[in-house]
Amino acid sequence: MVQKLAAGGICAPSVLQAMSVVERHRFVDSALVNQAYEDTSLPIGLAQTISKPSVVARMCELLVGAEGARTGGLGRVLEIGTGCGYQAAVLSHIAREVYTVERLRGLHEKARDNLRHLRLANVHLLFGDGMQGYAKGAPYAAIIAAAGGEAVPQAWCDQLAMGGRLVAPMALVGGQQVLLVIDKTAHGLKQSVLEPVHFVPLKSGIA
Ligand code: SAH
């Protein structure tokens, strides 16, 4: 899987290393284990999916490439949409602290079970509505969303540190979902629209 990621253009050594350390098969249903290292999203229950490895790697690479992360490494990261906890585990190897929020209690608990044996002391699992971010951990060097909305919640921009970067799937006018990067600079927020993506919807409230 990691060789394919490198061949597909992922260059950051820390990202390739993290993707090789975290065993994706431990995060999917036993019936899907034989597909765990294919570049495909897979169901994780409650109509949600674990993202494709290439998309996880791409988003992580965007985070480590942020202005603020280039010197001294990536600090505190906020992930919206814990799901099964896979991406949080990957992030734990490239960031100093990972705060991850999930709105579905069933998946929040599943992630806790999946991550327990890994004993990742820098991962903080939170149950709540990630559209409000998580103010107690702010400011964040990076914010990464694993679910796609219609607009970037103001709370995410507010909770981003100066020099920090937000990476999120977002719908353009017309409905096409793309990867959006927002950098917080001394001159304001700088936004870049990258490639089309397919993420589950960002929803408000908890369930
Ligand atoms: N990073 C996850 C991907 C899970 S899919 C993994 O590695 O498995 C995206 C997740 O975002 C779903 O579990 C969904 O419930 C969650 N989600 C959607 N809207 C949310 C919100 N407002 N706050 C927190 N989680 C949300």
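The rules behind each value
- Residues numbered from 1 in each chain as written.
- Predicted model: local features only at pLDDT ≥ 70, side-chain atom pairs only at ≥ 80, totals over all residues.
- Heavy atoms only, no water.
- Helix = DSSP H or I, 4+ residues; strand = E, 2+ residues; numbered from the N terminus.
- Rg over C-alpha atoms; globule rule 2.2 N^0.38 Å.
- Buried < 20%, exposed > 50% of the residue type's maximum accessible area, 1.4 Å probe, protein only.
- Contact = heavy atoms within 4.5 Å.
- Areas by Shrake-Rupley, 256 points an atom, 1.4 Å probe, with all protein chains shown as cover.
- Core = buried A, V, L, I, M, F, W, Y, C linked by side-chain atoms within 4.5 Å.
- Pairing = 2+ DSSP bridges.
- Near = heavy atom within 4 Å.
- Polar contact = N/O pair within 3.5 Å; in protein donor to acceptor, adjacent residues only side chain to side chain.
- Salt bridge = Lys/Arg side-chain N within 4 Å of Asp/Glu carboxyl O.

Draft legend 1. Geometry of the overall build of the protein chain. Counting its regular elements, the protein chain contains 7 helices and 9 strands. The C-alpha radius of gyration of the protein chain comes to 16 Å, within 12% of the 17 Å expected for a compact globule of 207 residues. Along the longest, intermediate and shortest principal axes, the C-alpha atoms of the protein chain span 50 × 40 × 40 Å. Going through the 207 residues of the protein chain one by one, you find that 51% of them count as buried. Here the contacts in the protein chain between residues at least 6 apart in sequence split such that 53% fall between residues at least 24 apart. Here the protein chain has roughly 9,800 Å² of accessible surface; of this, 53% comes from carbon and sulfur atoms.

Draft legend 2. Seen up close, the nonpolar core. Core analysis: the largest hydrophobic core is formed by 48 residues, its most contacted members being L74 and Y86. With 8 residues, the top contributor of residues to this core is helix 3 (residues 53–64). Counting 19 residues, the second largest nonpolar core, distinct from the first, contains L78, L160, A168 and L180.

Draft legend 3. Expanded view of the pairing of strand 9 (residues 188–196). For strand 8 (residues 177–185) and strand 9, the ladder comprises 7 bridges, and the chain directions are antiparallel. Its bridge partner being in strand 9, V181 is matched across the sheet by S192. The hairpin turn running from strand 8 into strand 9, its antiparallel successor, is 2 residues long.

Draft legend 4. Examining the site of the ligand more closely. Of all residues adjacent to the ligand, which total 26 residues, the nearest are T49, E102, D129, G130 and K203. One nitrogen or oxygen atom from the side chain of E79 is found 3.0 Å from a nitrogen atom belonging to the ligand. Alone, the ligand offers 590 Å² of accessible surface; in the complex the protein occludes 99% of this. If you list the elements that add at least two residues to the shell around the ligand, you get strand 2 (48–50), strand 3 (74–80), helix 5 (86–92) and strand 4 (95–102). Per-element tally for the shell around the ligand: the top contributor is strand 2, with 3 residues.

Draft legend 5. Region of the structure containing the pattern of salt bridges. Tallied over the full model, the rule gives 5 salt bridges. A salt bridge links E23 to R26, with the shortest nitrogen-to-oxygen separation between them at 2.5 Å. We classify E23 as partly exposed; its relative accessible area is 35%. Assessed through its relative accessible area of 41%, R26 is described here as partly exposed.

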